[in-house]
Amino acid sequence: MRGLPKWAAMPLLAALLAVMPAQGDAAEPAGLPLPSELPLLDYEKVLYAFIAEREYVGLGWTPDKSWRDTGPFILSANYGVHPAVRIYYSPGMITWIEAGRTGEIPDGAMIVKEMVSPPAARYNEYLAKLQAEDPATADAKFLAYLKKQGGLNWTVLIRDQSVSKGGWMFSSVGQSQTLDTFGPPFNPPATGAGIGTCMRCHASSDGMLTFSDAANIKGMPGQPLQFRVDESWRQLTEFPRGPFNLPPEQLPAGGASEGTLITDHFHQPSQDTLATALVPGQPDPAFVATILGDHTGPDDPGAKVQVFPGQWLDKVPSRPDGPQQFLTSDNCYGCHGGLGGPPSGLVMFLQTGPAYGEGYNISEYGEWRWTPMGLAGRDPVFYSQLEGEFALLDQAGAGDLKANLGTTCLSCHGAMGQRQLEIDAHADPYSTLDANNFKTSYVMLHTPLTEAQEEAQEKAGTLAYSQYGNLAREGISCAVCHHIAPPQPLPGAPAHNKLDTYLLNGTTGVFRYNPPDELIGPYDDVRERPMQNAMGITPVGDPYIKDSELCGACHTINLPNVDWPADKPLPGFTEGEQDILNLAARNGAAYLGQEYGVSWPEPLTQFQHSVEQATYLEWVNSGFGDTSCQDCHMQSGFQNLAGDVDIETITTQIASIQDSSYPDVANQLPSAEIDVPFREGYHRHNFVGLNAFLIEMFKQFDPVLGLASSDYMTGAKNGADQQIENMLVQARDATVDLVLDVSSPGAGQIVADLTLTSLVGHRFPSGVGFRRAFVEVRAASGGETLWCSGCTDQFGVILGPDGQPLKTEFLDFVPEGADEALYQPHYETIDNQEQVQIYEELTQNAERQFTSSFVHRIYHPKDNRLLPKGWLEPGTPAFDAKFDGSDVTTAFLAATEPEGNAATDPDFGPGTDTVSYRIALPDGVDPADVAVTATVYYQAFPPWFLRQRFTTARDGPATQRLFYIASRLQTEGTAIENWKLQVQQATGTVR
C-alpha cells in the first residue's frame, strides 16, 4: 500500500502544488497523498500546511456563496452544529454535486470547511464594509480580521475509501496546528478515519456521509438555509458605536448572554468531588516496609515505568469492505457519549451547574469508560497478576504453557483484540498471523504514527499485530457485549437444558457472536440508517442482551490446575464432578478449534479443572432469579452520594445524532429514519461494583495508564469521581445490612452480637478470590479505643493489640513445627483482639502454600464469603427440585458452597451470618459508658495479595508498574482511605 513518494518533504509538496491545475478533475487530489498512503503524523505534516496556507484558494476551488450559519444564534449562544462556516469544494466534489449527488465521490476529493466564531452576519457585513471602503485591500484586511477576531480554523474531509467503511478522513486544523502527540492529557486526535464526533451528524445524510448542497455554492442555483440570528452579537468592542457595537438598550436582555442567565439560575451550585492530587515523587517508604516486610520487592522504575499508549490510540474503524467483528469505542462515543448542556442540549446528562459539562454524564460511553470493564485492558493489577502466573509456570518447568494461559486470560481482559486476531488469522490462513499466542506485548502496540515507527514495527515483526493491541486495550468494550450470542452445543453432543448447555459450552470467555454487521440492543424500534451509514452495522433488538447468561460468559471461569496430577480428581471433587468440569473445558477448546482453527486451549485441557470465579453461578443458585445482573449493575435510576440528585427512573434519548431536533440541513434523511425517541427505564452502563481502588489508580496515574481525565463529548472532568460515588452509594445502600445488639453480662464485660445480611445477588465479596471484606469492631469510651478487632494501619493491614500487623495478615508466617501458614478462620465467636472476621476465599497450591494464582488452586481451607439470599445447598431436595437433579449443574454449583468453619456454622446461611464478640473491658470501666461500633470494610487488593504481586515476578515491567502506582497512591481523603472502603457501619450501647 505504501511504496509511494515520501510526501512529508514540504519543498516537494510546494513544487507539486505550483504546477497543479486550478480546476477540473485533474486537480484531484490537490497534490496531496491519500490519507491511507502515509502514517497519520506524516500525513498531518502535509495536510496541515496545505490547509493553514489556504492553498485550496490558489487552486481555484469553488467556495460557498458567503459565510453562513449552521443554526440559530440567540443571546450570544450558537445553536448550530458548527460555528459560522464558508466551505471550499475540490473539483471532484463539485462534479459530484453538479451530477445531483449521485455516483461515487472520487478518492482525493476534499471538503474544506473554514470556521469562525458565529454568527455569519458579522463577517458578511464587515466584508461588505471593507469592499465599499477599499476594494483593493479588502480581502487581505478581511483575512487578517478572520484570523485574529474570528479565530479562523478548519474542519476538513478527505475522501479515501480505503480508510474505513465511511470512506472519509476527518481532520480539525488550527492556524498553527501542531501534530498530535497522543500523550497526557490525552486529547482526542485531530485527524482520523470514522471519528465519532463527526459521524454522529454525517451519518444522518442521505448520501455519501455529506450534506453538501448546490444551494450553498457560489455560481449554483438556490439559496442557503437561513436561521434566526438576534442582535446580541452587535456588541463588538473593537468597533466604535454603530452597527457593530450597539448600546445595551438596543441589545436583547440588555446584552446579557444565555450563559450569564444560566449561571444566575443555578446561583451557588454544589457538586461532590473526591479530588486528589497525584504526587509522583518517590515510593512511600512506610508502604514499602509494611507490604514487603523482609522480602525483596521490585526496583522502583521511576521515570522508566512502562506506560500504556494513550486512549485515543485505541482506534480501529469499520473496514472499507464491511465491518469486522470488533470495533473500538471511538466509533460509538460520538452518538452515545452524551451532551452536557446548553447550547448543545442535554442528552444522557444530569446538569447540576451552569457550565457545559457541569454535572453527571450518564451516557453509555461516559460511564462505561470509568468502569472496571472499560479499564480491563489497561488494568495494572491484572497485568502484574498475569506476569506472576508466568513466573510461577517458569518456576514449575511449565513455561511452555505461558502462551496458552496468557491467551486465555486476555480473551476477556483483551477481549476484542484476542478475538479479532483469531478471526482474521482463520480467514486468511496464508497470513503470518499467529492466533495461538496473544502476547501481553501486543497491548503496548498501536498503529504506527510515522514511517519511522512503521519501519521499527516491521523490523520487530509486530506491525501486523498493532491493530489488535488497539482493540485489546479497550477491555470489555461496546462491541463485546453487544455481539454476544447464546452458547450452542457442539455437533453431535447430547441435548441439555438451557443452563447446562451454557455451563458445558459458554464459560471462561468462550462465547458465540452475532454477525459482524449487527449489534444487539434491548429495543426493537431502533433507527437503523445512521449506524448503517457510519459503520455498515445494523442495530437490532435482541432479548439476550438482558439475559444474565450473557454476563456469565466472563463471570464463570473454569481453569486448569497445573500442579496437580492429571489422573485423579482435585481434593473435594468426585470423579463425576471432575469429569464434567474437564468436559466443559474440552468443549470450549473444541469449539474454538472447529470455528477458528486455533489450538491454544488444548494443552490446558490436559489438567484437572475447577471453577475459579463463580459470580454467575452464585446468582443462579440464589433467590434473585427475578432480578438479573443488568437490573442491579446497570441501574435505571441515579442518586449521587450527597442525595441532592435522586432520580428514581431515568427517561432520556440514548443517542445524540443529527435529527429533527437539530437545525435544518439539506440532504438529510427523513425524520422517521433518524429521530431518536425518549426511552423510559434507561439502563445506565455504570456496571457498579466496589473496586474504587482501581478507579483511584486510573484517576491519579492517568499519564501511566493512558486514560484522559476529561470527557470529550461533555467536557466533564468528574468521570472517575462519579464512578467512585456510584460505588459508595452501592456500598452504603445495596451491599450489606448490619444489626448490632450490645449487652453486658456483668462488670467489665460486653457482648456484641453482630448480624450481617447480604443484599447482593451473589456472594459477598464475589469475583476473583483475592477480594476480601472484614469486620472492625471497636469498643470506645470518651474517644479512647479500649478494644478492637479488625483495626488497621494506613495501608489496610490489620493490627493486633500491640499495634503490629497480625501474623495472619500476609499468609506467609509458618509457626515452628507447623506445615502451613497461619490465617484467620471463620469465627462464630470472637473474644480476642487478634481474631478478626474476614469474609474471603483462601486457596493453597499443592504444597499447601497460600496462593493468589488462578491455576494452582488445589486446597480450599476457607471460603466464608457471605452467601446470597435463597442459596440452596447442592444435593438437598430443594436444590434438586430447582435444578432437576442435573449432574452438570451440581458439579458447577459446588463452587458456591462454603469451605472450612463456615460450612458447619449454624448462624452462617443464605444471606446472613452472626458473629458474637466477647469484649473484656479494662478495670474500672462501666459498660454503660462504652459505645461499640461495627464497620464492614472491603479491600479489592488486600496486603497479602500485594506482597505476592511484588515478590512473585519482581523484575517484570507490569509488576514494576504496579509497584510504582501502589507505593505512591494517595488514599487520605478518598473513598479508599487507609486502603479500605467502608461498606456499612452500626453503633450500639449496652441495653
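Predicted model only: the values in this text are computed from it and were never measured.

Further remarks concern the overall build of the protein chain. Helix and strand counts for the protein chain stand at 31 helices and 32 strands. Taken against the 2.2 N^0.38 rule, which gives 30 Å for 991 residues, the C-alpha radius of gyration of the protein chain at 31 Å falls within 12% of a compact globule. Across its three principal axes, the protein chain shows a C-alpha extent of roughly 100 × 70 × 55 Å. When contacts within the protein chain are restricted to residue pairs at least 6 apart in sequence, those whose partners lie at least 24 apart make up 74%. Surface summary for the protein chain: the accessible area is close to 37700 Å², and the carbon and sulfur share equals 52%.

Checked against the element boundaries, Q311 lands in the loop between α9 (285-292) and α10 (333-336). Separated by 3.3 Å, the side chains of Q311 and Y365 make a polar contact. With residues up to four places along the chain from it excluded, the contact list for Q311 reads F186, Y365, R369, R378, G706, L707 and A708.

Turning our attention to the sheet that holds strand β24 (residues 749-758). One open sheet holds the four strands; their spatial order is β23-β24-β30-β27, and the pairing between them is mixed. Here the strands that pair on one side only, and so sit at the sheet edges, are β23 (736-746) and β27 (829-830). Two elements, β27 and strand β30 (residues 912-920), share two bridges in a ladder whose sense is parallel. Residue T829 lies in a different strand from β30, and its bridge partner there is S916.

With that settled, consider the state of the cysteines. A complete count under the given rule lists one disulfide for this structure. With a sulfur-sulfur separation of 1.9 Å, C788 is cross-linked through a disulfide to C791. Disulfide C788-C791: torsion about the S-S bond near 95°, hence right-handed. Accessibility assignment for this pair places C788 and C791 in one class, buried.

Our focus in this paragraph is the sheet that holds strand β8 (residues 191-193). Across a sheet, paired strands are connected by hydrogen bonds in the backbone, their directions being either parallel or antiparallel. Read across the open sheet, the six strands follow the order β1-β4-β5-β6-β7-β8; overall the sheet is antiparallel. If you trace the sheet from one side to the other, it starts and ends with β1 (62-63) and β8, each paired once. As paired elements, strand β6 (residues 153-159) and strand β7 (residues 168-174) share seven bridges and run antiparallel to each other. The residue of β7 that forms the bridge with I158 is M169.

So, on to the packing of aromatic side chains. A ring pair, where both rings are aromatic, is described by two values, the distance of the centres and the angle of the planes. Evaluation of the coordinates by the stated rule reveals 45 aromatic pairs. Judged by centre distance (5.4 Å) and plane angle (65°), the rings of Y823 and F850 are edge-to-face. Remark: F850 occurs in the loop between β28 (838-844) and β29 (859-863) and Y823 occurs in the loop between β26 (784-789) and β27; sequence separation between them is 27 residues. Of the residues examined, Y823 reaches a relative accessible area of 23% and is grouped as partly exposed.

Attention now goes to unusual backbone geometry. A cis amide bond links P118 to the next residue, P119, at an omega of 5°. Note that P119 resides in the loop between β5 (110-116) and α5 (121-133). A cis amide bond, omega 0°, links P342 with the succeeding residue P343. In this fold, P343 is placed in the loop between β9 (339-341) and β10 (345-347). The phi angle at W979 is positive, at roughly 60°, despite the residue not being glycine.

With that settled, the discussion passes to the environment of T652. Mapping T652 onto the fold places it in strand β21 (residues 651-653). For T652, a relative accessible area of 7% translates into the label buried. Considering only alpha carbons, one finds T652 and K165, 487 residues apart in sequence, at a separation of 29 Å. For T652, the side chain forms a polar contact with the main-chain nitrogen of M348, separated by 3.2 Å.

Attention shifts here to the environment of T462. Looking at the secondary structure, you find T462 in the loop between α15 (451-460) and α16 (466-472). For T462 and R586, which are 124 residues apart along the polypeptide, the C-alpha to C-alpha distance reads 31 Å. If near-sequence neighbours (up to four positions away) are discounted, T462 is found in contact with L445 and Q457.

Here the focus is the environment of A138. As for its placement among the helices and strands, A138 is situated in helix α6 (residues 138-150). Distance from A138 to A128, taken between C-alpha atoms, is 8.8 Å for residues 10 residues apart in sequence. Setting aside chain neighbours within four positions, we find A138 in contact with L130 and Q131.

This part takes up empty space enclosed by the protein. Tallying each qualifying case throughout the model produces 10 cavities of 30 Å³ or more. Estimated volume of the largest cavity: approximately 240 Å³. Residue assignment for the lining of the largest cavity shows that the elements contributing at least two residues are α18 (498-505), β17 (557-561) and α21 (575-596). Looking at which element gives the most residues to the lining of the largest cavity, the answer is α21, with five residues. Considering only residue class, the lining of the largest cavity consists of 11 nonpolar, nine polar and no charged. Of all the secondary structure elements, the ones that give two or more residues to the lining of the second largest cavity are α11 (364-368) and α27 (719-734). For the lining of the second largest cavity, the per-class residue count stands at eight nonpolar, eight polar and two charged.

We now examine the side chain of E367. Its place among the elements puts E367 in helix α11. In contact with E367, other than residues within four places in its own chain, are N361, I362, R684, H685, N686, Q722 and N726.

The next thing to look at is the pairing of β7. A regular strand places its side chains so that they alternate between the two faces of the sheet. Buried residues dominate β7, accounting for six of its seven residues. Inspection of the sheet shows β7 paired to β8 by three bridges, in the antiparallel sense. Bridge pairing links M169 to A193 in β8.

Another point: α6. Here α6 has its buried residues at A138, F142, Y145, L146 and G150. One face of α6 carries all of its buried residues, which in axial projection span an arc of 105°. Residues A140 and K148 are exposed on α6 and point more than 90 degrees away from its buried face. Packing partners of the buried residues in α6 comprise β4 (84-89), β5 and α5.

A separate point is the nonpolar core. Across soluble globular proteins, nonpolar side chains show a tendency to be buried alongside one another. With 140 residues, the main nonpolar core has F764, Y917 and V932 as its most contacted residues. In this structure, Y917 is in contact with I750, V751, A752, L754, V775, V777, W787, S789, I830 and Q837, ignoring residues within four places of it in sequence. Residues M93, A109, I111 and W368 belong to the second largest nonpolar core, which totals 53 residues.

So, on to the confidence of the model for the protein chain. Here the protein chain shows a mean pLDDT of 94. Residues at 70 or above account for 96%. This model gives residues 1-27 a pLDDT under 50, and the stretch forms 47 contacts once residues within four places in sequence are excluded. With pLDDT under 50 throughout, residues 269-277 is counted as low confidence; its partners more than four residues away or in other chains account for 29 contacts.

With that settled, the discussion passes to the pattern of salt bridges. Tallied over the entire structure, the rule returns 34 salt bridges. In this structure, R54 engages E114 in a salt bridge whose closest nitrogen and oxygen atoms are separated by 2.8 Å. Pair noted here: R54 is in the loop between α2 (40-52) and α3 (55-58) and E114 is in strand β5, with a separation of 60 residues, a long-range link. The same class applies to R54 and to E114, which are both buried. Among the salt bridges present, the one from K498 reaches E549, with a minimum N-O distance of 3.1 Å. Of the two residues, K498 sits in helix α18 while E549 sits in helix α20 (residues 548-555), which places them 51 residues apart along the sequence. Assessed through its relative accessible area of 3%, E549 is described here as buried.

Conventions we followed
- Residues numbered from 1 in each chain as written.
- Predicted model: local features only at pLDDT ≥ 70, side-chain atom pairs only at ≥ 80, totals over all residues.
- Heavy atoms only, no water.
- Helix = DSSP H or I, 4+ residues; strand = E, 2+ residues; numbered from the N terminus.
- Rg over C-alpha atoms; globule rule 2.2 N^0.38 Å.
- Contact = heavy atoms within 4.5 Å.
- Areas by Shrake-Rupley, 256 points an atom, 1.4 Å probe, with all protein chains shown as cover.
- Polar contact = N/O pair within 3.5 Å; in protein donor to acceptor, adjacent residues only side chain to side chain.
- Pairing = 2+ DSSP bridges.
- Disulfide = S-S within 2.5 Å.
- Buried < 20%, exposed > 50% of the residue type's maximum accessible area, 1.4 Å probe, protein only.
- Phe/Tyr/Trp six-rings, centres within 6.5 Å; stacked < 30°, edge-to-face > 60°.
- 1 Å grid on protein atoms, 1.4 Å probe; cavity = no way out; pocket = protein on both sides within 12 Å on 5 of 7 lines; lining within 4 Å.
- Points joined across faces, edges and corners; volume = space filled by probe spheres on them.
- Nonpolar A, V, L, I, M, F, W, Y, C, P; charged D, E, K, R; others polar.
- Arc of directions from axis to C-beta.
- Core = buried A, V, L, I, M, F, W, Y, C linked by side-chain atoms within 4.5 Å.
- pLDDT = per-residue confidence, 0-100.
- Salt bridge = Lys/Arg side-chain N within 4 Å of Asp/Glu carboxyl O.

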